[in-house]
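# Examination of the molecular architecture
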Amino acid sequence: CSRDWSSDVCSSDLILLGLMLSSVSAPVAQAQSDAEHVLDAMFYNLDENRDGVIDSAEADHFIARSFAEMDPGRSGQISRTAFRAYSFGLADVAAQQGDTGRYNAAKDAIFNGWSHGAATLSRAGYRAGVLADARTAMRTKRAGKRRMAGLRIDHAAFDRIPFIRRLMNALR
């Protein structure tokens, strides 16, 4: 490199540094992009009637299906292990990124919050946790904490659901 000795770094060093940084950040950006695509697919899968919002009936279908997958014995309770084993569609992205530990820690935190620290989570507790998080995402400054008539989650609100955000943050 022909250096300008008034500078400590030559242009070829900057190019090399840029290539090194882009090769490090590319897998992270790809994993985040993959996670966003999975979230988009989740939203559209939950929006059964394709009207652009997830309503109460569609949320209840998700709750019933996902709880049944975590409780194949139909005991009415799920353990932390069963909750951790449920993918929420993002486990493959976490594995590709090498963040399975962080992803599982995020799921443990969600489980602890919804179960209030208990070893198991009932279907009613699971439903209450999912719906409380959904309602939190629907709130605006004007709506405040008043009770909303029905659940109507658009794509932007879906991305703000606290448990969704926690899972996504584990992948960053």
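Treat the numbers as computed from the prediction; the structure is a model and nothing was measured. (Residues numbered from 1 in each chain as written. Predicted model: local features only at pLDDT ≥ 70, side-chain atom pairs only at ≥ 80, totals over all residues. Heavy atoms only, no water.)

### A word on unusual backbone geometry
How we decide: Each helix is a run of DSSP H or I of at least 4 residues and each strand a run of E of at least 2, with the numbering of both proceeding from the N terminus. Only protein chains enter the accessibility calculation, which uses a 1.4 Å probe. A residue is then buried if its area is under 20% of the maximum for its type, exposed if over 50%, and partly exposed in between.
The phi dihedral of arginine 50 falls on the positive side, at around 55 degrees, and the residue is not glycine. Tracing the backbone shows arginine 50 in the loop between helix H1 (11–46) and strand E1 (53–55). Judged by relative accessible area, arginine 50 falls into the exposed class, the value being 54%.

### Brief notes about the nonpolar core
Quick note on the threshold: The term nonpolar core refers to a set of buried residues drawn from Ala, Val, Leu, Ile, Met, Phe, Trp, Tyr and Cys, joined through side-chain atoms within 4.5 Å.
Within the largest apolar cluster, 42 residues are counted, with the highest numbers of intra-cluster contacts made by Phe83, Phe88, Tyr126, Ile153, Phe158 and Phe163. Going through the elements one at a time, H1, helix H2 (56–70), helix H3 (80–85), helix H4 (91–97), helix H5 (100–115), helix H6 (123–138), helix H7 (155–160) and helix H8 (162–169) are the ones with two or more residues in this core. Counting residues per element, this core draws most heavily on H6, at 6 residues.

### Quick notes on the packing of aromatic side chains
Spelled out, the test is: Paired rings are identified among Phe, Tyr and Trp, the last through its six-membered ring, by centres lying within 6.5 Å, and are further divided according to the angle between planes into stacked (under 30 degrees), edge-to-face (over 60) and tilted (the rest).
This structure, assessed with the given rule, holds 10 aromatic pairs. When the ring of tryptophan 114 is compared with that of phenylalanine 163, the centres are 5.2 Å apart and the planes differ by 75 degrees; the resulting orientation is edge-to-face. A residue pair is termed long-range when its members are at least 10 positions apart, and tryptophan 114 in helix H5 and phenylalanine 163 in helix H8 qualify at 49 residues. The class of tryptophan 114 is buried, set by a relative accessible area of 11%.

### Side note on H6
Rules: A helix is expected to span 1.5 Å for every residue after the first.
Taking 1.5 Å per residue, 16 residues should reach 22 Å; H6 reaches 22 Å between its end C-alpha atoms and fits that length. Along H6, the positions that sit buried rather than exposed are Gly125, Tyr126, Gly129, Val130, Leu131, Asp133, Ala134, Ala137 and Met138.

### Brief notes about the environment of alanine 132
Summarising the element assignment, alanine 132 is placed in helix H6. Take alanine 132: its relative accessible area is 40%, and that puts it in the partly exposed class. For the pair formed by alanine 132 and tryptophan 114, sequence separation is 18 residues and the distance between their alpha carbons is 9.5 Å.

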